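Below, each chain spelled out in residue letters.
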Amino acid sequence: MKIVILGTNHAGIAAANTLLDHYEGNEIVMIDRNSNMSYLGCGTAIWVGRQIEKPDELFYANPAQFEAKGAKIMTETTVTAIDFDQKEVHATTKSGENVTQNYDKLVLATGSRPIIPDIPGKELDGIHFLKLFQEGQAVDQELAKDTVKRVAVIGAGYIGTEIAEAAKRRGKEVLLFDAAKTSLASYYDEEFAQVMDENLTNHGISCHFGECATAFKGVNGRISQLVTDKATYDVDLLINCIGFTANSALASDHLETFKNGAILVNEYQQTSDPDVYAVGDVATIYSNALQEKTYIALASNAVRTGIVAGHNIGGTTLSSPGVQGSNGISIFGLHLTSTGLSLQAATRAGLKVAFSDVEDLQKAWFLHEDNDKVKIRIVYEEDSRRIVGAQLASHSEIIAGNINMFSLAIQDHLTIDQLALLDLFFLPHFNSPYNYMTMAALSAK
Ligand SMILES: Cc1cc2nc3c(=O)[nH]c(=O)nc-3n(C[C@H](O)[C@H](O)[C@H](O)COP(=O)(O)OP(=O)(O)OC[C@H]3O[C@@H](n4cnc5c(N)ncnc54)[C@H](O)[C@@H]3O)c2cc1C
Ligand SMILES: NC(=O)C1=CN([C@@H]2O[C@H](COP(=O)(O)OP(=O)(O)OC[C@H]3O[C@@H](n4cnc5c(N)ncnc54)[C@H](O)[C@@H]3O)[C@@H](O)[C@H]2O)C=CC1
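A brief structural summary. (Residues numbered from 1 in each chain as written. Chains lettered and ligands numbered in written order. Predicted model: local features only at pLDDT ≥ 70, side-chain atom pairs only at ≥ 80, totals over all residues. Heavy atoms only, no water.)

## Comments concerning the packing of aromatic side chains
We describe a pair of aromatic rings using the distance from one ring centre to the other and the angle between the two ring planes.
In step 1: Using the criterion set out here, one finds nine aromatic pairs in the structure.
In step 2: On the basis of an interplanar angle of 65 degrees and a centroid distance of 6.0 Å, the ring pair of Phe425 and Phe430 is categorised as edge-to-face.
In step 3: Assessed through its relative accessible area of 37%, Phe430 is described here as partly exposed.
In step 4: Each member of the aromatic cluster is reached from another via a ring pair, and the members are Tyr39, Trp47, Phe59 and Phe133.
In step 5: Cation over ring: Lys131 sits above Phe244, and NZ or CZ is 4.8 Å from the ring centre.
In step 6: Positioned above the aromatic ring of Phe355, the side-chain terminus of Arg377 is 4.0 Å from the ring centre. (Phe/Tyr/Trp six-rings, centres within 6.5 Å; stacked < 30°, edge-to-face > 60°. Buried < 20%, exposed > 50% of the residue type's maximum accessible area, 1.4 Å probe, protein only. Lys NZ or Arg CZ within 6 Å of the ring centre and 35° of its normal.)

Here is the structure:
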């Protein structure tokens, strides 16, 4: 069987590795327009903020590894069209040569691109996006310039908040904007996001929330001012981080799509064309919290969906258990993690939910060093008492592991009452006998 994989980043790599490592006798062709593969965007802010010196270790795969396993890999080759009737992929190489690859099964792993705000001045120099390694390099080079003193970041979601920290660490004056009332509003309720907002402000970042960019103005073709619905700011550099949109244009005329344009897939990652699979950021995903298909762009989902598609194409039926959109962020030592839906998001989705909040020390009360407070919220359905979300905030790194338990609870449809008496270990170095997770579940009304 000939399998063509379009896009060789996290999702395409996971599909290719699954097929190459577990199934024999297939011809695998991988095509990508980029010159590199496997770039971990999650490391961009860490590198740009100089928490690591170089970006070299942010790549975990290269074309030679796939060639060694027998795949044909074509980088710097842009797919221009797909003929789904003839089962052919048309592409153009870097040198301008047009090439065609036929397929028995096709994997769309073309991912996503940052959303471009449609406002005047968007074409000016000094306006950047952050997705590719090359875009990270461009921002890194800008931050090295002495002339770049004031940086505006539009969008205080995950990328915006992380790059705001990085620019501050590079000694810049940083202004962070979001249309929402707080940072991280898509992931956390106000009570949690405000902890991050305070942290950002305390570290010298100027937060402008509930404020929308309306125009970018320039001098000699380069950004010099940001105009919002509230004021005008002089800026030397502007970074847009207002979310991703699926790269589905190659297939959206032929395949069924979700309301945001992502390719609709079933639990086997199969699209409305049975010979075409879609994985990662280009595709929808099933949310166990919402109990319906949705769109969540995460590398963790890209890897899992690539594995599921690989096995199903290879011949092993494997159904995806769905996801919770579990995520985390760490800014100037403050960590926030969440899974499922916040109270706001659940209410917006029409769920009738309640919540339980607790605040306590991470470790036992008699340990006075490195014993930070933890803030926890569990969100659950009022009638069924099914857990639909959890949020944690602390300077303690231990919360990073805890959120995964809530992810499993949501996946397995556990109720808040089932969580209350769950056997959680106790050791003073890590927690208290009255664990805050237990106490949050026990105190649910
Ligand atoms: C700054 C940053 C930080 C992030 N941090 C995290 C994090 O901490 N945790 C997390 O889970 N997620 C994180 N993400 C999100 C994560 O990077 C994405 O969800 C992930 O990259 C999706 O992988 P993918 O393979 O589906 O798509 P992509 O990474 O978008 O890859 C798609 C590939 O398809 C190729 N392609 C597209 N169109 C064509 C075409 N026509 N022809 C040929 N090739 C094509 C592209 O060149 C690309 O290589 C972060 C993203 C960014 C930008
Ligand atoms: N730690 C992690 O897991 C990380 C995950 N990612 C993922 O990558 C994807 C893209 O990240 P982001 O671009 O940060 O998207 P995001 O969805 O996290 O945040 C976008 C932010 O932009 C704001 N916004 C939207 N339109 C706006 C406008 N016109 N003006 C001002 N603000 C506006 C939104 O309110 C939101 O807070 C997301 O799916 C994210 O989860 C990215 C970085 C880190």
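## A short note on the pairing of strand β22 (residues 334–340)
In step 1: The element β22 is largely enclosed, with a buried count of six among its seven residues.
In step 2: As paired strands, strand β21 (residues 327–331) and β22 are joined by five bridges and run antiparallel to one another. Of the residues in β22, the one forming a bridge with Gly328 is Thr337.
In step 3: Following β21, the chain reverses through two residues before pairing antiparallel with β22; Phe332 in that reversal takes a positive phi of roughly 45 degrees.
In step 4: The pairing of β22 with strand β25 (residues 387–394) spans six bridges and is classified as antiparallel. (Helix = DSSP H or I, 4+ residues; strand = E, 2+ residues; numbered from the N terminus. Pairing = 2+ DSSP bridges.)

## What to know about the site of ligand 1
In step 1: In the vicinity of ligand 1, 29 residues are found, and the nearest of them are Asn9, Asp32, Val79, Lys131 and Asp281.
In step 2: A distance of 2.6 Å is found between an oxygen atom of ligand 1 and a side-chain nitrogen or oxygen belonging to Asp32.
In step 3: Between ligand 1 and the protein, one listed contact pairs an oxygen atom with a backbone N or O atom of Ala109 at 3.5 Å.
In step 4: Isolated, ligand 1 exposes 990 Å² of accessible area, and the fraction of that covered by the protein chains is 89%.
In step 5: For the shell around ligand 1, the elements supplying multiple residues, two or more each, are α1 (10–22), β4 (77–83) and α7 (299–314). (Near = heavy atom within 4 Å. Polar contact = N/O pair within 3.5 Å; in protein donor to acceptor, adjacent residues only side chain to side chain. Areas by Shrake-Rupley, 256 points an atom, 1.4 Å probe, with all protein chains shown as cover.)

## Comments concerning the site of ligand 2
In step 1: For ligand 2, the set of nearby residues contains 17 residues, the closest of which are Ile159, Asp178, Tyr187, Ala297 and Gly328.
In step 2: Note that a nitrogen atom of ligand 2 is positioned 3.2 Å from one of the backbone N or O atoms of Ala179.
In step 3: Between Ala297 and ligand 2, the recorded distance is 2.8 Å, taken from a backbone N or O atom to an oxygen atom.
In step 4: Relative to its unbound accessible area of 840 Å², ligand 2 is 77% covered by the protein chains.
In step 5: Tallying contributions element by element places helix α5 (residues 158–169) first for the shell around ligand 2, with three residues.
In step 6: Considering only residue class, the shell around ligand 2 consists of ten nonpolar, five polar and two charged. (Nonpolar A, V, L, I, M, F, W, Y, C, P; charged D, E, K, R; others polar.)

## A few points about the sheet that holds β25
In step 1: In space, the five strands of this open sheet follow the order β21-β22-β25-β24-β23, with antiparallel pairing throughout. The open sheet terminates on both sides in strands that have one partner only, identified here as β21 and β23 (353–361). For this sheet, the mean angle separating the axes of adjacent strands, direction not counted, is 10 degrees.
In step 2: Where strand β24 (residues 373–381) lies against β25, seven bridges are found, and the strand directions are antiparallel. (Axes fitted to C-alpha atoms, helices over the stretch in contact; angles between N-to-C directions.)

## Brief notes about the pattern of salt bridges
In step 1: Evaluation of the coordinates by the stated rule reveals 20 salt bridges.
In step 2: Here Lys352 ties to Glu382 by a salt bridge, and the two come within 3.6 Å at their closest N and O atoms. Of the two residues, Lys352 is situated in the loop between α8 (343–348) and β23 and Glu382 in the loop between β24 and β25; the sequence distance between them amounts to 30 residues.
In step 3: For Glu382, a relative accessible area of 37% translates into the label partly exposed.
In step 4: Of the charged contacts in the structure, one is a salt bridge between Glu381 and Arg386, with a shortest N-O distance of 3.2 Å.
In step 5: The exposure class of Glu381 is buried, given its relative accessible area of 16%. (Salt bridge = Lys/Arg side-chain N within 4 Å of Asp/Glu carboxyl O.)

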